[in-house]
Structure formats: structure tokens, C-alpha cells
Amino acid sequence: MPFRKFEIGDRTIIEDFVCINNGIGDVTIGNNVMIGIGSVLTGPVAVGNNVIMAQHVGISGLNHGYTDINTPIRDQKCTALPVIIDDDCWIGTNAVITAGVTIGKHAIVAGGSVVTKDVPPFSIVGGNPARVLKQYNEASGLWEKPAVSPDPKPAVNADPSPQ
């Protein structure tokens, strides 16, 4: 299999036991990036500048095909969608970022999160699936919880007694 492009910027540190796989898609890593021990990057992945990744982060732009039940999954066609991590992000320990996701500038992904959708710039996400926990408010200069919209649907069964 021919390998795709692999680029790494200046002053970037890749700790021990990191696996970078560019067999399916390009992997580009910017300047002054830190990739923690035991992390896995499977291209296509583009990492900006000044990004820090803790230990055991999993980032994959690859998905295996599975729809043909008569063919082993390993023999089905793979698909790839780029993962983009913008400048100045922090990805916590054991976070997983799935194919096609963009992490916006100066965003933080909490440890253990599973990111399946784009993360806005200047936000903190966490959970499985990850959701926005805080966003930077330029007007106040503070990191604030997002406004919670009320549930538009009333409860189907308002009777609290057991059924």
C-alpha cells in the first residue's frame, strides 16, 4: 500500500508508543505540537500549531465498511473523512475524535470524551457524545456555560406514581 503525505512541524514532540498511520489519508502536524504517550492518529488528520494532546488520544479519519453481511468487515472498503484540529487546542486523556470532525481554534476536549460532531472555536466539550460545556464570551471575557433552552414538549406521563 502506498503511504500518503506525512508532515511534522518544528518543535513538535511525539512521545513514546504513539502510532501515526498515513496509509489511507494524509497526516499533517503543525509547529509546537505535543502528542502524548500511546496516542493514535489515523489519517486523514490535520493538526494545527500549538496543539497539546494528552495520553492515549484516539483520532481517526477512517471508517471500515460493514454493510455487506456476506463479506468480512476487514475485507470491505474503507471510507475516509478528514479530521481537522485547529490551532491552540487541548485534547484530554483518552479522548476519541471520529472521522469528519473539525475542532475549532482554542477549543478544549475533556478527557474521555467521544467527539462525533464539530466543536466550535473557543469552546469546551465533554461527554459521550461530546457536547458544549462552556464557551468563551468575548464581551464578558469569561468562559460561560451555554444557555439552556427549555424543553418545548411537556412530559407524556406527568403522573409520578409507578405504573
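J.: Explanation requested: the overall build of the chain in the structure shown.
T.: Summing up its helical and strand segments, the chain has zero helices and 20 strands in all. When the 163 residues of the chain are sorted by exposure, 31% land in the buried category. When contacts within the chain are restricted to residue pairs at least 6 apart in sequence, those whose partners lie at least 24 apart make up 16%. As displayed, the chain offers around 10,200 Å² of accessible surface, 56% of which is attributable to carbon and sulfur atoms.

J.: Sorry, what's going on with the sheet that holds strand 12 (residues 83-85) here?
T.: To summarise the sheet geometry, strands pair through backbone hydrogen bonds and adopt either a parallel or an antiparallel arrangement. Spatially, 1-4-7-12-15 is the arrangement adopted by the five strands of the open sheet, whose pairing is parallel. Only two strands of the sheet have a single partner each, and these edge strands are strand 1 (6-8) and strand 15 (102-103). Bridging between strand 4 (residues 27-29) and strand 7 (residues 45-47) involves three bridges; their strand directions are parallel. Residue pairing across strands places I29 opposite V47, the latter belonging to strand 7.

J.: Quick question: what am I supposed to make of the side chain of T42 here?
T.: As for its placement among the helices and strands, T42 is situated in strand 6 (residues 40-42). Every residue in contact with T42, bar those within four places of it in the chain, is listed here: N21, I59, S60, G61 and L62.

About the thresholds
- Residues numbered from 1 in each chain as written.
- Predicted model: local features only at pLDDT ≥ 70, side-chain atom pairs only at ≥ 80, totals over all residues.
- Heavy atoms only, no water.
- Helix = DSSP H or I, 4+ residues; strand = E, 2+ residues; numbered from the N terminus.
- Buried < 20%, exposed > 50% of the residue type's maximum accessible area, 1.4 Å probe, protein only.
- Contact = heavy atoms within 4.5 Å.
- Areas by Shrake-Rupley, 256 points an atom, 1.4 Å probe, with all protein chains shown as cover.
- Pairing = 2+ DSSP bridges.

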